[in-house]
Amino acid sequence: MKSRLSLLLLLFTTPLFLKAQSSAQLNAAEIRQGLESLNVTGSVLYLAAHPDDENTRLLAYLAKEKKVRTGYLSLTRGDGGQNLIGTEQGELLGLIRTQELLAARHMDGAEQFFTRANDFGFSKNADESLKIWNKEQILSDVVWVIRQFRPDVIITRFPPDARAGHGHHAASAILAKEAFYAAADPKRFPEQLKYVKTWQAKRIFWNTFNFGGTNTTADDQLKLDVGVYNPLLGKSYGEIAAESRSNHRSQGFGSARQRGASTEFFSFTAGETAKKDLFEGINNTLSRDKGLAKAQQLIDEINTTYNAANPALSITKLLQLKSIVKNLPFKHQLLDELILACAGLWLETSAPESAYAVSDSIPVTINAISRVKAGFPLKITIRELKTGINAVLVPDEMVSLNRKIAASQIGITQPYWLEKKHPIGSYVIDSLNFLGMPVAAAPIGGTFRISFGDQFVDVVRPLVYKSTDPVRGEIYEPLVVAPPVTATMAEKAFVFNNNTAKKINVQLHSFKNNAAGVLTPKVPEGWKVSPEQIDFRLIKGEERNIEFTVTPAGKISSGKFSFAVTVDGKPYHQGLKVLSYEHIPTQTLFPFAEAKVEKIDLKFGGKKIGYIAGAGDLIPESLVQIGYTVTRLSEKQVINGDLSEFDAIITGVRLYNINEQIAAMQPKLMDYVKNGGVLLVQYNVNSPLKIQELGPYPFKLTRDRTTEEDAKVNFLAPNHPALNFPNKITDQDFEGWIQERGLYFARDIDTHYTPILQMHDTGEENNNGSLLVADYGKGKFVYTSLAFFRELPAGVPGAYRLFVNLISKDK
């Protein structure tokens, strides 16, 4: 436990740019930036609720201009947000947004941390958020990060009240203030004190804002110009911030570079007051520790004599500095990496294949080169500490060494917070080894001692897979250690119409050569599955599709359909999911090999559907599963094609927010309805819209929503076909919904529309804007803000029944 916590402490104290796939490739200006930061102590922790909540300009300014250690603690991974680049939701979206945050931190220089809190969706008040999260548990996580990071100053993005605009936002401020005091109290979370000490930050501020129609800034607040220009980096912090923020692609946060002065405002929250500077009264120089006085003199000399044309000239004095600061509080990892960077030392450990079975042996290639100029006075050598393999690094000569690592020593590579099933409010993380970390440490390819004469630097390198793409060039990806064979179903929920059998395809994927075993399905009690097991033999990389017939029977109407894959006498229960986007490393995970199964009574009215993609949802797949024929329509097909063949056309979520061709498509869609078609438009956000009129008659979109997934639903038009044909909708059909009822409801609704449903969150007024239906010509237009894009993929029976009604032609 202590050794693993030592690794955790290393990760908590290593600047993000030092965790690159190979050596940190710093140019001369970046080396200079690093040398100057050796003079600075001090730290600041920024705290908010979600990925993209952080102030990237402030983070960049603090990390690169003030040169203090800077961190961002996001309570959640943004699992409950929307996705503008794909169909991933929930945990998968959280995984994407985690990597987007890490990419952002790589640019702005801050470090990234999380708690175990799950983003369960929009929350209207902090009390609800803290209750669902289990306040004490998440507070302990925040305290743990503070005690690890030891910030001098804590800054929150939001206030602890309604001005925060989101229950999660307000809750983050509440937790920050309580943790400010609790981290210093030995009576709070004493179990942590086996590994960390208590810590009292000097003060806590709220970084006030002026956006979204709310201005919380004031002239009497502490002010800071963070728009300054850094000549070493060739950019202002507004430019760096835009590059950082633009990594949040899943949220559509591409940002323009800002240049010129930019003032940030800070409202004092607790601790010692400060009027002119965040670090007022805090000693951020090396004199903070008396033992570093000698080091200060040497660092000044190193900075004075640094030669950008030949950084290696600084190595001897940097090695002297390393001896002086040994056993003293200092930026040791930064110092080590600066020594290696000055030597032009590049070191990587890579495997020849992207993935290995957990039972495999992994061949590892170690490549290293030093690029000091001829005549460098010290002999440079490399030695891998575990195996003892070693070589002399002659300037400008690549050295290649080889070793093997048992994959079982690494274990199956999986996002650590997804290893166990979890409740709605938080992930299950049993060990302090991982708590707070953005991701688990990468598999280690080797621990190396780089010697310069009789002095040395020890460095760990992750084991990666490297390939060359003819378009993108050299690509590094995380190495994958997998179960020998995975079993994957295409959907996470399957819906059965009464007792009608359904064929379900399962894909086996082998990560092991000559993998032989048995695939065994399991269905709810009383249900039937055929075949009852399958024997297989696969070579590495082979995939095989196997079809099972599942038949509902008995009294049980819902449950799990799962698989066990037995290889070499050991059962495995994992599927395979790969997320591939160019702006983040490929993410490979192994979810449980199971799916929800639901038996429902479902009647249809029409079966041929046209679908126009929006920002991304899984509605087409959900409809195909219950027997619809779905054609995905391009803009050209909508504008120039014959739409009359379709019983209904559905627009994907946010189509009217993102599609530049919607103005050209809209007249054709309205003609389709007028001539007898059914058009269902899923939710769009209220701004920006590509066109203002989404239907044949006017209505306006708002930010109103019903976030309580179990909120009471009233029927405003109980006799309307939407609630009666072909399926009779009852209160029972609104049971079992997930995350929310709906979002971005309509108001100022033209009288041609019939509002079908009424709902509201606790303590709020009724809202009639979740579902509108209007006859237009011979056809029917539907606008719905109900969260069908979440409910159908989750297999919610009542959502299916209602959705089928909405896309059916009335009797």
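Please refer to the structure placed before this passage.
Residues numbered from 1 in each chain as written. Predicted model: local features only at pLDDT ≥ 70, side-chain atom pairs only at ≥ 80, totals over all residues. Heavy atoms only, no water.

**Description of the overall build of the protein chain**
Across its full length, the protein chain carries 18 helices and 46 strands. The C-alpha radius of gyration computed for the protein chain amounts to 29 Å, which stays within 12% of the reference 28 Å derived for 811 residues, consistent with globular compactness. Dimensions of the protein chain, computed from C-alpha atoms along their principal axes, come out at roughly 90 × 70 × 55 Å. When the 811 residues of the protein chain are sorted by exposure, 55% land in the buried category. Long-range contacts, defined as pairs at least 24 residues apart, comprise 74% of the intrachain contacts of the protein chain with a sequence gap of at least 6. Here the protein chain has roughly 33,200 Å² of accessible surface; of this, 49% comes from carbon and sulfur atoms. Of the charged side chains in the protein chain, 92 are positive and 86 negative, and the gap between their average positions amounts to 3 Å. (Helix = DSSP H or I, 4+ residues; strand = E, 2+ residues; numbered from the N terminus. Rg over C-alpha atoms; globule rule 2.2 N^0.38 Å. Buried < 20%, exposed > 50% of the residue type's maximum accessible area, 1.4 Å probe, protein only. Contact = heavy atoms within 4.5 Å. Areas by Shrake-Rupley, 256 points an atom, 1.4 Å probe, with all protein chains shown as cover. Lys, Arg positive; Asp, Glu negative; His and termini not counted. Charge placed at Lys NZ, Arg CZ, Asp CG, Glu CD.)

**Here we look at the pairing of strand β19 (residues 455-469)**
Looking along a regular strand, one sees side chains alternate from face to face of the sheet. Alignment of strand β12 (residues 346-351) against β19, held across three bridges, turns out to be parallel. Directly across from serine 350, in β19, lies its bridge partner valine 464. Here eight bridges tie strand β18 (residues 444-452) to β19, and the two strands are oriented antiparallel to one another. What sits directly across from isoleucine 444, in β19, is proline 462. Hairpin remark: β18 followed by β19, antiparallel, with two residues in the connecting loop; positive phi at glycine 453, about 65°. The pairing of β19 with strand β20 (residues 473-478) spans six bridges and is classified as antiparallel. If you follow lysine 466 over to β20, its bridge partner there is tyrosine 476. (Pairing = 2+ DSSP bridges.)

**Re helix α11 (residues 332-342)**
Within α11, nine of the 11 residues are buried, leaving the element largely enclosed by the surrounding structure. Taken as a whole, α11 has its buried residues at Leu334, Leu335, Asp336, Glu337, Leu338, Ile339, Leu340, Ala341 and Cys342. In this structure, the buried residues of α11 make contact with α2 (28-37), α10 (315-324), β18 and β19.

**Topic: the packing of α10 against α11**
For the pair α10 and α11, interaxial distance at closest approach is 10 Å and the crossing angle is 160°. As the angle between them shows, α10 and α11 are arranged roughly antiparallel. Crossing of α10 against α11: the hand is left-handed. Where α10 approaches α11, its residues Ile315, Leu318, Leu319, Leu321 and Lys322 are matched on the opposing element by Leu335, Asp336, Leu338, Ile339 and Cys342. In terms of residue class, the contact of α10 with α11 is built from eight nonpolar, no polar and two charged. (Axes fitted to C-alpha atoms, helices over the stretch in contact; angles between N-to-C directions. Parallel < 35°, antiparallel > 145°, perpendicular 65-115°, else oblique. Left-handed = near helix turned anticlockwise from the far one by under 90°. Nonpolar A, V, L, I, M, F, W, Y, C, P; charged D, E, K, R; others polar.)

**Quick look at unusual backbone geometry**
For the bond from serine 530 to proline 531, the omega torsion is -5°, close enough to zero to count as cis. Among the structural elements, proline 531 can be located in the loop between β26 (528-530) and β27 (534-538). Each neighbour pair has its own omega, and for serine 687 with proline 688 the value is 0°, a cis peptide bond. One can find proline 688 in the loop between β37 (678-681) and β38 (700-701). You will see that arginine 150, though not glycine, has its phi angle at about 55°, which is positive.

**Concerning the sheet that holds strand β4 (residues 153-156)**
One open sheet accounts for seven strands, arranged β3-β2-β1-β4-β5-β11-β8; its pairing is mixed. Edge positions in the sheet fall to β3 (111-114) and β8 (222-225), since each has one partner strand and no second. For this sheet, the mean angle separating the axes of adjacent strands, direction not counted, is 30°. The pairing of strand β2 (residues 69-74) with β3 spans four bridges and is classified as parallel. Note on β3: the bridge partner recorded for serine 74 is phenylalanine 114. Taken strand by strand, helix α3 (residues 56-65) contacts β1 (43-48), β2, β4, β5 (203-208), β8 and β11 (263-271), and its axis lies near 150° from that of β2. With respect to the sheet, helix α4 (residues 90-108) is in contact with β2 and β3, its orientation differing from that of β3 by roughly 155°.

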